Amino acid sequence: MSVHAILIYFIPFFLVMVAIELWAGKREGKKLYGPSESFASIFIGFVQQLTRFIPFSLVGLFWWWIYDNHRIFTLEAGSWWYWPLLFVSLEFFYYWFHRLSHEIRWLWATHAVHHSIEEMNVLAAYRFGWTNRISLGSLVYAPMMFMGFHPGAVVVMLGINLMYQSWLHTTLIPKIPLMEGILNTPSAHRVHHAKNADYLDRNHGGVLMIFDRLFGTYVAEREDEPVDYGLVTPVGSHNPVKIAFHEWVNIYKDLKAYPMRYWLGLCFGPPGWKPNGEGMTSKQMRRAYREADVIASPVPVPAE
Ligand SMILES: [Zn+2]
Ligand SMILES: [Zn+2]
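Along each chain, the written sequence defines residue order, and numbers are assigned to residues from 1. All chains are assigned letters beginning with A, and all ligands numbers beginning with 1, in the order in which they are written. Owing to the predicted nature of the model, reporting of local features is limited to residues with pLDDT of at least 70; listing and counting of side-chain atom pairs is limited to 80 or more, with chain, interface and lining totals taken over all residues.

## Side note on the overall build of the protein chain
Thought 1: For the protein chain, the count of helices and strands is 13 helices and zero strands.
Thought 2: Secondary structure of the protein chain in N-to-C order comes out as α-α-α-α-α-α-α-α-α-α-α-α-α.
Thought 3: Note on method: radius of gyration uses C-alpha positions; expected globular size equals 2.2 Å times residues raised to 0.38. By the compact-globule yardstick of 19 Å for 304 residues, the protein chain fits well, its C-alpha radius of gyration being 20 Å.
Thought 4: On the principal axes, the C-alpha backbone points of the protein chain span a range of 60 × 55 × 40 Å.
Thought 5: When each of the 304 residues of the protein chain is scored for burial, the buried share is 35%.
Thought 6: Once C-beta atoms have been placed from the backbone, residue pairs whose C-beta atoms lie within 7 Å are recorded as contacts. Taking as baseline every contact in the protein chain between residues at least 6 positions apart, the subset at least 24 positions apart corresponds to 71%. Counting from the N terminus, the helices are the DSSP runs of H or I reaching at least four residues and the strands are the DSSP runs of E reaching at least two. Here the C-beta atoms are placed from the backbone, and a residue counts as buried if at least 20 other C-beta atoms lie within 10 Å of its own, exposed if 12 or fewer do, and partly exposed otherwise.

## Topic: the environment of Glu 221
Thought 1: With respect to the helices, strands and loops of the structure, Glu 221 is situated in the loop between α10 (210-214) and α11 (240-257).
Thought 2: Accessibility expressed as a C-beta count within 10 Å gives 20 for Glu 221, which makes it buried.
Thought 3: C-alpha separation for the pair Glu 221 and Gln 165, spaced 56 residues apart in sequence, amounts to 17 Å.
Thought 4: Contact partners of Glu 221, with chain neighbours within four places excluded, come to Lys 175, Ser 187, Arg 190, Val 191 and Val 227.

## Brief notes about the packing of helix α4 (residues 82-103) against helix α5 (residues 105-115)
Thought 1: Axis lines are fitted through C-alpha atoms, for helices just across the contact stretch, and the angle between N-to-C directions can take any value from 0 to 180 degrees. Viewed as axis vectors pointing N to C, α4 and α5 meet at an angle of 100°, and their least axial separation amounts to 6 Å. Judged on the interaxial angle alone, α5 and α4 are roughly perpendicular. Contact residues: α4 offers Leu 100, Ser 101 and His 102, while α5 offers Leu 107, Trp 108 and His 111.
Thought 2: Residues of the contact of α4 with α5, tallied by class, amount to three nonpolar, three polar and no charged. Should an angle fall under 35 degrees it is called roughly parallel, over 145 degrees roughly antiparallel, and 65 to 115 degrees roughly perpendicular, with every other angle called oblique. Lys, Arg, Asp and Glu make up the charged group, whereas Ala, Val, Leu, Ile, Met, Phe, Trp, Tyr, Cys and Pro make up the nonpolar group; the residues left over, Gly among them, are polar.

## A short note on the nonpolar core
Thought 1: Defined on buried residues, the nonpolar core groups Ala, Val, Leu, Ile, Met, Phe, Trp, Tyr and Cys residues joined through C-beta atoms within 7 Å. One finds Leu 90, Phe 93, Met 144, Val 154 and Leu 158 to be the most contacted residues of the largest nonpolar core, which totals 29 residues.
Thought 2: When residues of this core are traced back to their parent elements, those giving at least two are α3 (58-70), α4, α7 (142-147), α8 (151-164) and α9 (186-192).
Thought 3: Sort the elements by how many residues they give to this core and α4 lands first, with six residues.
Thought 4: Setting aside residues up to four positions removed in sequence, Phe 93 forms contacts with Val 140, Tyr 141, Pro 143 and Met 144.

Shown next, in the form of structure tokens:
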């Protein structure tokens, strides 16, 4: 059973959320859904659901192999602490899965599809990449099976985590007092979807924001820095197939353009990296932006 197999049960609730958002947006006189972006999100979400019928999953096999042969504990799902412990562990590993999906280009090639959204709305929450089984990012969760969590329970908790994230994609909900910086909120997730240099690769948590705070990636939405949604280098098309494969195509073009000694860096280095300083990673973009900002403003911007 894959995570996305669980998400299918959530579709009725999800459609109700879309309807509420459409209604509320109309009342506020906001146009939240353009036809091309919406079509792309529906198409990409639909095909993503179909990919779960591919019978072979290397990561699935690896998870089960670890659970069956190498788990150090047998954690009882009936114990009162099992589900809270599973929740916190999953949040921890989800944080790293998501963060690495931004920091390693091979994983980013799949995750960039979710970030191709230029029009934030609940429907866009279902825009997931099709190539997880090539990126293999879910290997990050393997230590959970090693600890003794059943793969099925991990998948269920991951499904809950992703369901929670649907409502975060609305632009209609402002900052929520007491929740900001503790739980993931629409405001925190708006920052996550921004291409502004200062917001890049921030707020990776699923339900919780505490791991972002712990590992220094939490940033609150600021009034003086309005969010600009999408990718730093836009796909330039609403064609869902182009969106789904655009970063793989970029990788292929780079491999053709540079000698073999750079291939590891081009595939597994950070997105934006290119040999001889020809590219720009998000860290470099942020630094350049801040340096420019320090020159422009008399108040120094705190370093990372
Ligand atoms: Zn992301
Ligand atoms: Zn999102």
